[in-house]
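These are the residues of each chain, in order.
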Amino acid sequence: GWAWFMFLRAALAHPSACLASNGQALLQSARVTLETRLEGSDVAFSPYDFELEAEPNHATWVYMHIAKTGGSSWVQNMRSDILPIFLQGDGFLSGENCSHELAQAVRTQTNTHFSVMLREPRAEIYSLYMMDCCSEWGKAVRKYTVPHPENVTAWLTWFSQLHGTENFGTYHPLNFQARHFICLDNAHEVLLPEPSISSVLANFSQDFEFVGILERYQESICLFISIASGKLPAYCNCDDPESWRTFPEVEESYEVPPHDISDLSSDDIRMIDELTKQDAVLYAAGVQRFIQDIDLAEQKHGVRILCDREIM
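(A) Representation of the overall build of the protein chain within the structure. Summing up its helical and strand segments, the protein chain has 13 helices and five strands in all. The buried share of the protein chain, taken over its 312 residues, is 50%. A total accessible area of about 14,500 Å² is found for the protein chain, and carbon and sulfur atoms account for 51% of it.

Written out as structure tokens, the structure reads:
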């Protein structure tokens, strides 16, 4: 009941709760309850996306999963920690879909809230390529797309020359993040001619209650919990290193080799920048919105969440 739920929240708010046997037992019980509710749920495109029906009089949190912006980690944190601890009874829907598709999926519900994570465009596009070229999924798709660019420079060159809508069965990088806010279906395919950036920003501002930034993943989780539940876990105090380290971080690499934008040539960077002009504007707006929302959360809780504000 409600008393048990409040006790669970209180127990897990303490920095040492993750080590306490009683807190562990309560958390495990909450996770079992969630997994029971998830039995038979539909799984979306990504192996980690899922749908959970809300209980009566509860909200549904809709997550627009933009590939390579930390979405797989996000939904795992939602499933293992956020939903069972802070949002019991709430529903959840995530998918690598256009915002329009997700809105259609919950159109009969009245209490829905949309969320999204954004990423610095150069890093995001390079990560898309690495998923394309080097993950097991990407390798499987490549068997059916011939010819296929042999390296990142060839891949970027192909798309920079705008050879129609061919995406080799994976991702078309042209303003990949911005596209999700205005496409009608299949977010992995390009829209030509492209809608204006003003329409992208309008949908972003009007429809999304939460925006997180991959470069500040833990802080984004903290902000989401604050917005969604009004609570703040102990691991969100960036001035307390011991508590900060208790964050239940989840990382998913899909066994892609380590990579960094420092691997790219100046020509590669130039092509990415040309391909992501709208993404760059969207990301800047996202960072600005993120910092504003963090400021409000810090004022509300009297705790500093974002110690490193040099994001861009």
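Don't stop here, the text continues.
(B) The arrangement of helix H13 (residues 277-301) in detail. For H13, which comprises 25 residues, the first-to-last C-alpha distance of 36 Å matches the rise-based estimate of 36 Å (1.5 Å per residue) to within 8%. Among the residues making up H13, those that are buried are Gln278, Asp279, Leu282, Tyr283, Gly286, Val287, Arg289, Phe290, Asp293, Ile294, Ala297 and Glu298. Once H13 ends, the next one or two residues include Gly302, with phi positive near 65°.

(C) Summary view of the nonpolar core. Judged by nonpolar contacts, the single largest core of 77 residues is most densely connected at Trp74, Leu87, Phe92, Leu118, Phe181 and Phe224. Top contributing element to this core by residue count: helix H5 (residues 121-134), with eight residues. Setting aside chain neighbours within four positions, we find Phe92 in contact with Phe50, Glu51, Leu52, Thr60, Trp61, Tyr63, Val75, Met78 and Leu83.

(D) Highlighting the packing of helix H9 (residues 197-207) against H13. Closest axis-to-axis distance for the H9/H13 pair is 10 Å, and the angle between their directions is 30°. The angle between the axes of H9 and H13 places the two elements in the roughly parallel class. In this structure, the crossing between H9 and H13 has a hand that is right-handed. Residue-level inspection shows Ile197, Val200, Leu201 and Phe204 of H9 in contact with H13, the latter providing Gln278, Val281, Leu282, Ala285, Gly286 and Arg289. Among the residues forming the contact of H9 with H13, the class breakdown is seven nonpolar, two polar and one charged.

(E) Quick peek at the sheet that holds strand S1 (residues 51-52). The five strands are arranged S1-S3-S2-S4-S5 in an open sheet whose pairing can be described as mixed. For this open sheet the edge positions go to S1 and strand S5 (208-213), each flanked by a neighbour on one side alone. Taken together, the two bridges between S1 and strand S3 (residues 91-95) define a ladder with antiparallel strand orientation. Within the sheet, the bridge partner assigned to Leu52 lies in S3 and is Phe92. Against the sheet, H9 makes contact with strand S4 (112-118) and S5, and its axis sits at roughly 105° relative to S5, the strand it touches most.

(F) Structural detail: the state of the cysteines. Taken as a whole and assessed by the stated rule, the structure comprises four disulfides. A disulfide bridge connects Cys98 with Cys183, and the sulfur atoms are separated by 1.9 Å. When the S-S torsion is -115°, as for the bridge of Cys98 with Cys183, the disulfide is left-handed. Residue Cys98 is located in the loop between S3 and helix H4 (99-105), and its partner Cys183 is located in the loop between helix H8 (176-179) and H9; the two are separated by 85 residues in the primary sequence. Among the residues examined, Cys98 registers a relative accessible area of 0% and is labelled buried.

(G) Up close: the environment of Glu215. Mapped onto the secondary structure, Glu215 falls in the loop between S5 and helix H10 (217-229). Relative accessible area serves as the criterion here: at 28%, Glu215 is assigned to the partly exposed category. Sequence-wise, Glu215 and Glu120 are 95 residues apart; in three dimensions their C-alpha atoms are separated by 7.6 Å. Residues in contact with Glu215, not counting those within four places in the same chain, are Leu118, Arg119, Glu120, Tyr283 and Ile311.

Calculation notes
Residues numbered from 1 in each chain as written. Predicted model: local features only at pLDDT ≥ 70, side-chain atom pairs only at ≥ 80, totals over all residues. Heavy atoms only, no water. Helix = DSSP H or I, 4+ residues; strand = E, 2+ residues; numbered from the N terminus. Buried < 20%, exposed > 50% of the residue type's maximum accessible area, 1.4 Å probe, protein only. Areas by Shrake-Rupley, 256 points an atom, 1.4 Å probe, with all protein chains shown as cover. Expected span 1.5 Å × (residues − 1). Core = buried A, V, L, I, M, F, W, Y, C linked by side-chain atoms within 4.5 Å. Contact = heavy atoms within 4.5 Å. Axes fitted to C-alpha atoms, helices over the stretch in contact; angles between N-to-C directions. Parallel < 35°, antiparallel > 145°, perpendicular 65-115°, else oblique. Left-handed = near helix turned anticlockwise from the far one by under 90°. Nonpolar A, V, L, I, M, F, W, Y, C, P; charged D, E, K, R; others polar. Pairing = 2+ DSSP bridges. Disulfide = S-S within 2.5 Å.

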